[in-house]
Amino acid sequence: MPSSSPRPRTRPHHFAAIDLGASTGRVMTAQVTPNELTLTETHRFPNRPVRTAGTLHWDILALYAGVLDGLRAAGPVTSVGIDGWAVDYGLLDADGALLGNPVHYRDTRTESAPEKVWAAMPAPELYAATGIQHAPFNTLYQLTAAQGTAQLAAAERLLLIPDLLTYWLTGEQGTELTNASTTQLLDPHTKTWSHDVATRLDINLDLFAPLRHPGDPAGHLLPHVLEETGLNTRTPTPVTTIASHDTASAVAAAPATTDNFAYICTGTWSLAGMELAAPVRTEAGRAANFTNELGIDGTVRYLRNIMGLWLLQECRRTWGSSDLEPLLRQAANVPALRSLVDASDPAFLPPGNMPHRIAQACRSTGQPVPSTPAETTRCILDSLALAHRQAIEDAQRLTGRSVDVVHIVGGGARNALLCQLTADACGLPVVAGPAEAAALGNVLVQARAHGLTADRHEMRALLARTQPLARYEPASDRRTRSAWAEASQHIAAHRLP
């Protein structure tokens, strides 16, 4: 691994990272030199799905307006990059006009799509071809559900969400590779489209724009965008292709000082796994529901999707609670491992009364039923920590590699209780931070494209030197270790619903 020693000082560059999450979007600006990295939030805006005529949509125009407001607040920058969530897309007609608001991945339209897909291509063959875990909302299933619709018939182009916004900013169309790998239509070994999968499932790959890689140019801000954002400058403002899947950007920002690490990208979802040089497309990996998504520098993000802090977000929405810290303090005083749920249970996927669903799951398995917000919160955090343990143990078993540290990045890095529980559950030290990992990974790929860093190891060394991190050591007492082991064995033997 290259040395982490500082590089010679140069004048700072300023970059804008557009980072779109499932509940909020933000525009962050960063000042970067080879030895310095500071990140500032310039604008945050809500991401509120809208249900119309029974279908759940993203309000993509509101998101675009938020992006423009953020760029206006950011001021002149060296470059702009966009990351966001995976699998969802917008369809364009022959004139480049959007054919309706993109459908939300939590919509129910894909409920029957997997069976239709597996009838044409059995699940083991599909996994061997793409290495992507089964999730009912994958782009493949969304396109299968959309077959026969007038909208899909009229479409000339499909752009994943970050690529759609890039197109509106630049007029240039492309499909970024890390996000393309989540569609279940890409071969992670060749890093090109799987024509066999597309042919057998009657999906037209010509809908996709040409593939682009992190670091590639993505065009320049259009004149009307410059005018609307007040960024009229003598030199064009470039947009740089970054790892546009937010998890790929977040993993790029894991401040690892060794290759023997696991990561957990925490937020609405928990994505737990390891960074590999090549995909692992074994039947055992499919059975364990591990996915092979692409990262920067040709790496593979071998991980499992876990429902994540969505469970707590939905509970707090039901409770009408806005203050998290008192709730976490109360949850810390609830007995550990009193009640557990399967954090990957599809029953928790839709929005709705989450406390009721968690109570039902506990009741159906003969466990104490959480009766207060603090008890429900502790149930969620214990369950997430246990799911983190299982994912990291499985990743090591399936790859034949071991890890000596877990990096928690993303919003969950601020949750000290979750970080400590994860350290205790995994029996490994946890390094928490940075919380804004997706934005930092976005910025650093831009910075590298402009010659400020050399490779991902140097990027991570810069993060380790400049970002606030917290370290959590696992409990050393035998009783705690035994309790987590017994809980893990219980869930493995009695699959919680």
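Each chain has its residues counted from 1, following the order in which its sequence is written. Local features in this predicted model are restricted to residues whose pLDDT is 70 or higher, and side-chain atom pairs enter the listing and the counts only when it is 80 or higher, whereas totals over whole chains, interfaces and linings include all residues. With hydrogens and water set aside, each side-chain value is computed from the structure's full complement of heavy atoms.

### Focus on unusual backbone geometry
No. 1: The amide bond that connects Gly433 to the next residue, Pro434, takes the cis arrangement and shows omega of 0°.
No. 2: Elements are defined by DSSP. Helices are runs of H or I of four residues or more, strands are runs of E of two residues or more, and each kind is numbered from the N terminus. Structurally, Pro434 can be placed in the loop between β20 (430-432) and α17 (437-449).
No. 3: Even without being a glycine, Val87 presents a positive backbone phi close to 70°.
No. 4: In this structure, Val87 sits in the loop between β6 (79-83) and β7 (89-92).
No. 5: One non-glycine residue with positive phi stands out, namely Asn289, at about 60°.
No. 6: Its location among the elements puts Asn289 in the loop between α11 (283-287) and β17 (291-294).
No. 7: According to the relative accessible area criterion, Asn289 is partly exposed, its value standing at 28%. Three exposure classes are used, based on accessible area relative to the maximum for each residue type with a 1.4 Å probe and protein chains only: buried under 20%, partly exposed in between, and exposed over 50%.

### Some remarks on the environment of Pro255
No. 1: Take Pro255: it is sitting in the loop between α10 (246-252) and β15 (261-266).
No. 2: For the pair Pro255 and His189, spaced 66 residues apart in the sequence, the C-alpha separation amounts to 26 Å.
No. 3: The criterion used for residue contact is that any of the two residues' heavy atoms lie within 4.5 Å. Excluding anything up to four places from it in sequence, Pro255 contacts His407, Val409, Gly433, Pro434, Arg460, Leu463, Ala464 and Leu469.

### Section: the pairing of strand β18 (residues 300-306)
No. 1: Counted residue by residue, β18 has 7 buried out of 7 residues, so it is predominantly covered.
No. 2: Of the two faces of β18, the one lined by Val300, Tyr302, Arg304 and Ile306 and the one lined by Arg301, Leu303 and Asn305 are each fully buried.
No. 3: Strand pairing follows a simple DSSP-based rule, namely that at least 2 bridges must link the two strands. Strand direction decides the pairing type here: strand β16 (residues 270-276) and β18, joined by 7 bridges, are antiparallel. By the bridge assignment for β18, Leu271 is matched with Asn305.
No. 4: Two successive antiparallel strands, β17 and β18, enclose a turn made up of 5 residues, where Asp297 displays a positive phi of approximately 60°.

Purely spatial values, then, with no claim about function.
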